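Understanding the architecture of this molecule
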Amino acid sequence: MSQYILALDQGTTSSRAIAFDRSGNIAALSQQSLPQHYPQAGWVEHDPLEIWDTQRRAAAEVIARLPEGSVAGIGVTNQRETTILWDKATGEPVYNAIVWQCRRTAELCEELKRRGLEERIRSATGLLIDAYFSGSKIRWILDNVPGVRRRAERGEVLFGTVESWLIWKLTGRHVTDYANASRTMLFDIHRLAWDEELCGILGVPTAMLPQPVPNSAVYGTVQPSIPGLESLAGVPVCGAAGDQQSALPVVLAPVLLIGGVAIHRVEGGRGVGVHIIGMAAKRAAQIQPDQCRGFLTVPGEGQAAERHALLRQCPAQKLGLCGLSGTVGSLKNDQLSHRCPLFRGGH
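Structure report, in brief. All of these numbers come straight from a predicted model, not from anything done at the bench. Throughout this description, residue numbers start from 1 for each chain and increase along the sequence as written. In keeping with the predicted nature of the model, local features appear solely for residues at pLDDT of at least 70, side-chain atom pairs appear and are counted solely at 80 or more, and the whole-chain, interface and lining totals rest on all residues. Only hydrogens and water are removed before side-chain values are computed, so all heavy atoms of the structure are retained for them.

**Quick notes on the environment of Thr-171**
Heads up, the rule is: Numbering of helices and strands runs from the N terminus, with a helix taken as a DSSP run of H or I at least four residues long and a strand as a DSSP run of E at least two residues long. We call two residues in contact when some of their heavy atoms are within 4.5 Å. A 3.5 Å cut-off defines polar contacts: any pair of N or O atoms within that distance qualifies, except that in protein one atom must be a possible hydrogen donor and the other a possible acceptor, and neighbouring residues in sequence count only when both atoms are side-chain atoms.
Looking at the secondary structure, you find Thr-171 in helix α6 (residues 162-171). Distance in space between the C-alpha atoms of Thr-171 and Pro-224 is 9.1 Å, their sequence separation being 53 residues. With sequence-adjacent residues up to four places away left out, Thr-171 is seen in contact with Gly-220, Thr-221, Val-222, Gln-223 and Val-237. A distance of 3.1 Å separates a polar side-chain atom of Thr-171 from the backbone nitrogen of Arg-173.

In structure tokens form, the structure reads like this:
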């Protein structure tokens, strides 16, 4: 009987894998350090093959401690915004991953601000213009690695954030979940689709972008003959979310498909926990970002009591699935927009 869920937690400094049983207990855990690369001051890179290898080895160590055939499904949580481009035919990265902390595209972002694009980008994506997000990182690789732009325009080069890269390596499918897509500065959070005009402004060919998919879905099944993961062949990969969004336990969603267990990365990247939340998770998974946006924004920042009163109306709060209630009175709107896993609108 399939009795475990495998959580892949790919972070900035390490890759982890954890197996949970149907009671939410940790059955096995492995962690592999991830090397950091600093080509020059303010630049941060990872080797995409090292990301994959450390995650693969962590998963292999975990499943080696489990009965064969006992993994029911796989969920992925990851460092957000980190940008990877790879060759569609060979799977070889065309450049190192540009990590979320990297500031090499700060001047490009200032140029976008000078062009008066802040409101256009904010209204569609919910984001401020910043080098933190993936869009400008994609542009940098296209502009600075010889031949890559032309290949991308022909559909020969693919882009993905870390979960997209891992899902592609596991299943061969090129997808990204809504949580990670929302951190690219290219994704319309109202239509849940790539914004073609913004892609044009940033100079990003839409042919290279992954298919946006819900956080809860079967994205594909593990391919056979992956070294160390042979026993996972055919197991569905069925949940994904960026690390901060997946602080809300229902977002990383094997819970909706397998056994009522929700796996989530704790806010701030401090580890992986597990909650048994049953039907509440199924209901909360239907919450839309717009349903939470208004409950957290108080004109003029508001008073603590008013904030708490509004927050109690939030769908996630009603279901007891949000941990912000104890601190929301002291947070400003811009802080809330980054802290609430469902708040993806403006402030």
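Back to the text.
**Description of the pairing of strand β5 (residues 71-78)**
This is how it is decided: Think of it in three bands: residues with accessible area under 20% of the maximum for their type are buried, residues over 50% are exposed, and the middle band is partly exposed, with areas taken using a 1.4 Å probe on protein chains only. Two strands are said to pair when DSSP picks up at least two bridges between them.
Counting buried positions along β5 gives eight out of eight residues, so the element sits mostly inside the fold. Bridge count between strand β1 (residues 4-10) and β5: seven bridges; the pairing is parallel. Residue pairing in the sheet places Ala-7 in a bridge with Gly-75 of β5. Pairing between β5 and strand β14 (residues 236-242): five bridges, direction parallel. Of the residues in β14, the one forming a bridge with Asn-78 is Gly-242.

**Points about unusual backbone geometry**
Positive phi, close to 75 degrees, is recorded for Met-185, a residue that is not glycine. Residue placement: Met-185 occurs in the loop between α7 (178-181) and β10 (187-188). On the accessibility criterion, Met-185 (1% relative accessible area) is buried. Positioned with a positive phi, Leu-192 is a non-glycine residue whose angle comes to about 55 degrees. Along the polypeptide, Leu-192 turns up in the loop between β10 and β11 (193-194). Note on Leu-192: relative accessible area 26%, which makes it partly exposed.

**Here's the deal with the pattern of salt bridges**
Basically, it comes down to this: Salt bridge, as used here: a side-chain nitrogen of Lys or Arg that lies within 4 Å of a carboxyl oxygen of Asp or Glu.
Counted under the stated rule, the structure contains 18 salt bridges. In this structure, Glu-156 and Arg-154 form a salt bridge, with 2.9 Å as the shortest nitrogen-oxygen distance. With relative accessibility at 49%, the residue Arg-154 sits in the partly exposed group. The network of salt bridges with common partners includes Asp-53, Arg-56 and Arg-57.

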